[in-house]
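Topology and contacts: notes
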Amino acid sequence: MEPASLAVGLSIARNLGWLVGIVGRLVRLRTKEPPIFDVAWRFYDCQPAEGNAVGTARFRRVWWYQSVQGRWLRTKERSTRADANHLYGGRGFLRDRKLVLNWASEERPDTFGVLFLTIDEDCQGMKGFTVLAPQDTGAAEAKPIWFRRTGASP
């Protein structure tokens, strides 16, 4: 084997070793993502208690956009006890245990807003508020909202 080709081979091996070391360090230093994705959630308009959930939700990671996608179904009206089936979808991001989603109603695209949530330490609940502009008043308002993992105690 010629000394020149041996030197090139050693140089490539050294550079590959450096690259593997740097990637390994980055993977170990990466913050652990909270386990909120691809599990069932219930959401509430008031402090969570047994039987007062107003709908269900599910969140998933969308890797190609580095974002989060959520869908939730409201099964009870906010102002009355009437049943409803309003489907909402949103897209946003997760940073530092804070979830922000821009959402819109899937059956009424003129109903939209922003959802701001903070994830609990044990990842069993999220608490925050949603900002929306109801079509009847047109004035922006913030409403509290809670999410609890299905099976978690309220």
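Anyway, here's the lowdown on the structure attached to this text. (Residues numbered from 1 in each chain as written. Predicted model: local features only at pLDDT ≥ 70, side-chain atom pairs only at ≥ 80, totals over all residues. Heavy atoms only, no water.)

Strand pairing within a sheet occurs via backbone hydrogen bonds; the two strands may be parallel or antiparallel. Spatially, the eight strands close up into a barrel ordered β1-β2-β3-β4-β5-β6-β7-β8, and their pairing is antiparallel. Here the strands of the sheet are splayed against their neighbours by 30° on average, with no regard to which way each runs. (Pairing = 2+ DSSP bridges. Helix = DSSP H or I, 4+ residues; strand = E, 2+ residues; numbered from the N terminus. Axes fitted to C-alpha atoms, helices over the stretch in contact; angles between N-to-C directions.)

To continue, consider the nonpolar core. A general trend in soluble globular proteins is that nonpolar side chains are found buried together. Of all hydrophobic cores here, the largest spans 22 residues; its most connected members are Phe 59, Trp 72, Leu 99, Leu 115, Met 126 and Phe 147. Elements represented by at least two residues in this core include exactly β1 (40-44), β2 (55-62), β3 (67-76), β4 (83-95), β5 (98-105), β6 (112-119), β7 (125-132) and β8 (141-149). Setting aside its immediate chain neighbours within four residues, Leu 99 contacts Ile 36, Phe 59, Val 68, Phe 93, Leu 94, Leu 115, Phe 116, Leu 117 and Met 126. (Core = buried A, V, L, I, M, F, W, Y, C linked by side-chain atoms within 4.5 Å. Buried < 20%, exposed > 50% of the residue type's maximum accessible area, 1.4 Å probe, protein only. Contact = heavy atoms within 4.5 Å.)

Turning our eyes to something else, we now look at the environment of Pro 48. Along the chain, the position of Pro 48 falls in the loop between β1 and β2. With relative accessibility at 9%, the residue Pro 48 sits in the buried group. In the structure, Pro 48 is positioned 77 residues away from Gly 125 in sequence and 9.9 Å away in space, judged by C-alpha atoms.

Right, let's get into unusual backbone geometry. Even without being glycine, Asp 96 reaches a positive phi, approximately 55°. Summarising the element assignment, Asp 96 is placed in the loop between β4 and β5.

What follows concerns a nonpolar patch on the surface. Together, Leu 16, Leu 19, Val 20 and Val 23 line one region of the surface with nonpolar side chains, adding up to about 380 Å² of accessible area. Along the chain, the position of Val 23 falls in helix α1 (residues 3-29). Here Val 23 falls in the partly exposed class, since its relative accessible area comes to 43%. (Patch = residues over 30% accessible without salt bridge, like charges linked within 9 Å, V, L, I, M, F, W, Y side chains within 5 Å. Areas by Shrake-Rupley, 256 points an atom, 1.4 Å probe, with all protein chains shown as cover. Salt bridge = Lys/Arg side-chain N within 4 Å of Asp/Glu carboxyl O.)

Here β1 pairs with β2 via four bridges, running antiparallel. Looking at the pairing, Phe 43 lines up with Gly 55 of β2. With eight bridges connecting them, β2 and β3 associate as antiparallel partners. Bridge pairing in β3 links Ala 57 to Trp 72.

Honestly, it's all geometry; don't read function into it.
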